[in-house]
Amino acid sequence: MQTMAGLYIHIPFCKSKCAYCNFFSVVSEKQRVDFLESLKKEAELRKDYLGGEEIKTIYFGGGTPSLLKPSEIADVLYVLQKNYNIIDKPEITLEANPDTVSKESLFEYNKLGINRLSIGIQSFFDDDLQYLSRKHDSKHALQVLDWAKDAGFQEVTLDLIYGIPTLTDEKWRRNLEIFFSTGFNHLSAYALTVEEKTVLGQRINKGVVAPVSEEDTIRQYQILVEMTENQGFEHYEISNFARPGHYSKHNTIYWKGEKYLGLGPSAHSFDGVSRQWNVASVKDYCDSYSFEREELTLDDRYNEYVMTSLRTMWGCDIDYIRETFGSKYTERFKKQIKRYILSGKIYLKGEKYILNDNGMLFADGIAAELFV
């Protein structure tokens, strides 16, 4: 199996906090200059983490990376090129919110070598966007997609959310139709999940806004699966759909258990045998670059492999389990997975155990049942 290492850069700044968001971000940019200097310094400090392995993907996530000027992104890329073994023409992804980009900035990002955008559209209907506390409107979202095409971006991921209480099935179908009409080749579609400590969680608990309906979410997931399949998209990970050959190479690193280094506050890293994660505070990050580290046991690594591989169309490879973890794990896996084959949630393709579309609805629960 060819290995692939990636770099993830966490940009923590946001214009405002979306009601449903549970990622680490801050709305104040007063430490922006200090943060960027610290980020470049951390890139130098951690350069040996991946053992000189080739870097094939670079991913600017957040937060809202598109709040950075192209010149600031260019400075970071320069430091990465200087310190890491990066292949010629790596996949470089920038997450962007529609309200933080212009036609000019998209042209500039493209000139820097950024060749993939991940745009947080979420819905093409304004009442859904208001429910989610998004700062753009549907008209501007469509404008930004035109700008992305004009700027030369061929690989664009659109993020959409289903299960929003304001989102009817008819509107959800329309969202998908609009996505298909753009001609872009990748869709990330997420079920709205409500975390207790988010603004949305608090609003629902107080009865200010309508709660999420599990029935509506499941029905809209089924609409999603049917419509993407009809358009020739592969359901290659629970929340990700792409035309063949247009997968997100960076995110595939996570799902295939390959190595990556995370830079920036709250960023996670994985070197094959351990995980580490940076402090989730811009000030503490700038002061100390402190992180926590966890050595993974064989049980941990097995559980992670089962969890991540089951999320994908490539499934759990029994030969890989045998070679990596040994016969005890292999026999246990085969014994435990039988009931999911019998219930029609998992099918066998050669030596690979793969969840079908219905099974993917229960992926987390199935994985947990298979854990050591």
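Above this text is the structure in question.
Model, not experiment: these values are computed from the prediction.

Some thoughts on the overall build of the protein
- On a plain count of helices and strands, the protein comes out with 15 helices and 15 strands.
- Relative to its length of 372 residues, the protein is compact, with a C-alpha radius of gyration of 21 Å against a globular reference of 21 Å.
- Counting only C-alpha atoms and orienting by the principal axes, one finds that the protein spans roughly 55 × 50 × 40 Å.
- In the protein, which comprises 372 residues, the proportion classed as buried is 52%.
- Long-range pairs, those at least 24 residues apart, make up 69% of the contacts in the protein with a sequence separation of at least 6.
- With the model as given, the accessible surface of the protein reaches about 17,200 Å², and the carbon-plus-sulfur share is 49%.

Concerning helix H13 (residues 327-342)
- Taking 1.5 Å per residue, 16 residues should reach 22 Å; H13 reaches 23 Å between its end C-alpha atoms and fits that length.
- Taken together, the buried positions of H13 are occupied by Tyr-329, Thr-330, Phe-333, Ile-337 and Tyr-340.
- Turning to H13, the residues buried within the fold contact helix H11 (298-310), strand E13 (316-317), helix H12 (318-325), strand E14 (346-349), strand E15 (352-355) and helix H15 (363-370).
- Directly beyond the C-terminal end of H13, a positive phi value near 80 degrees is found at Gly-344.

Looking at the sheet that holds E15
- Judged by pairing direction, the sheet is antiparallel, and its three strands sit side by side in the order E13-E15-E14 without closing on themselves. Looking at which strands have only one partner, the edges of the open sheet turn out to be E13 and E14.
- Pairing of E14 with E15, which is carried by four bridges, proceeds in the antiparallel orientation. Bridge pairing in E15 links Ile-346 to Leu-355.
- Of the strands in this sheet, E13, E14 and E15 touch H13, which is tilted by about 40 degrees from E15.

Description of the packing of aromatic side chains
- One pass over the structure, following the stated rule, counts 21 aromatic pairs.
- Note on Tyr-162 and Trp-172: the rings are 5.4 Å apart at their centroids and 40 degrees apart in plane angle, and the pair reads as tilted. One end of the pair, Tyr-162, is in strand E5 (residues 155-162); the other, Trp-172, is in helix H6 (residues 169-182), with 10 residues separating them in the sequence.
- Sitting above the plane of the Phe-184 ring, Lys-149 keeps its charged end 5.4 Å from the centroid.
- Taking NZ or CZ as reference, Lys-328 lies 5.6 Å from the ring centre of Tyr-329, over its face.

A look at the side chain of Thr-93
- You can see Thr-93 is positioned in strand E3 (residues 86-96).
- Dropping the residues within four chain positions of it, Thr-93 is found in contact with Ile-58, Tyr-59, Phe-60, Arg-116 and Ser-118.

Considerations on the pairing of strand E6 (residues 186-191)
- Across six bridges, E5 lies against E6 in parallel orientation. Bridge pairing in E6 links Leu-158 to Leu-187.
- Read from E5 through H6 to E6, the crossover connection turns out right-handed.
- Relative to strand E8 (residues 240-242), E6 is paired through three bridges, and the arrangement is antiparallel. What sits directly across from Leu-187, in E8, is Phe-241.

Brief notes about the nonpolar core
- Residues Ile-58, Phe-60, Leu-80 and Phe-333 are the most contacted members of the largest nonpolar core, which totals 100 residues.
- If sequence neighbours within four positions are ignored, Ile-58 has contacts with Leu-7, Ile-9, Leu-77, Leu-80, Ile-86, Glu-91, Ile-92 and Thr-93.

Points about the packing of H6 against helix H8 (residues 214-230)
- It is at 10 Å that the axes of H6 and H8 come closest, and there the two elements cross at 30 degrees. One finds that H6 runs roughly parallel with respect to H8. Handedness of the crossing formed by H6 with H8: right-handed. Of H8, the residues touching H6 (which contributes Asp-169, Trp-172, Arg-173, Leu-176, Glu-177 and Phe-180) are Arg-219, Gln-220, Ile-223, Leu-224, Met-227 and Thr-228.
- A class-by-class count of the residues in the contact of H6 with H8 yields six nonpolar, two polar and four charged.

Conventions used here
- Residues numbered from 1 in each chain as written.
- Predicted model: local features only at pLDDT ≥ 70, side-chain atom pairs only at ≥ 80, totals over all residues.
- Heavy atoms only, no water.
- Helix = DSSP H or I, 4+ residues; strand = E, 2+ residues; numbered from the N terminus.
- Rg over C-alpha atoms; globule rule 2.2 N^0.38 Å.
- Buried < 20%, exposed > 50% of the residue type's maximum accessible area, 1.4 Å probe, protein only.
- Contact = heavy atoms within 4.5 Å.
- Areas by Shrake-Rupley, 256 points an atom, 1.4 Å probe, with all protein chains shown as cover.
- Expected span 1.5 Å × (residues − 1).
- Pairing = 2+ DSSP bridges.
- Axes fitted to C-alpha atoms, helices over the stretch in contact; angles between N-to-C directions.
- Phe/Tyr/Trp six-rings, centres within 6.5 Å; stacked < 30°, edge-to-face > 60°.
- Lys NZ or Arg CZ within 6 Å of the ring centre and 35° of its normal.
- Right-handed = clockwise from strand over helix to strand, strands pointing away.
- Core = buried A, V, L, I, M, F, W, Y, C linked by side-chain atoms within 4.5 Å.
- Parallel < 35°, antiparallel > 145°, perpendicular 65-115°, else oblique.
- Left-handed = near helix turned anticlockwise from the far one by under 90°.
- Nonpolar A, V, L, I, M, F, W, Y, C, P; charged D, E, K, R; others polar.

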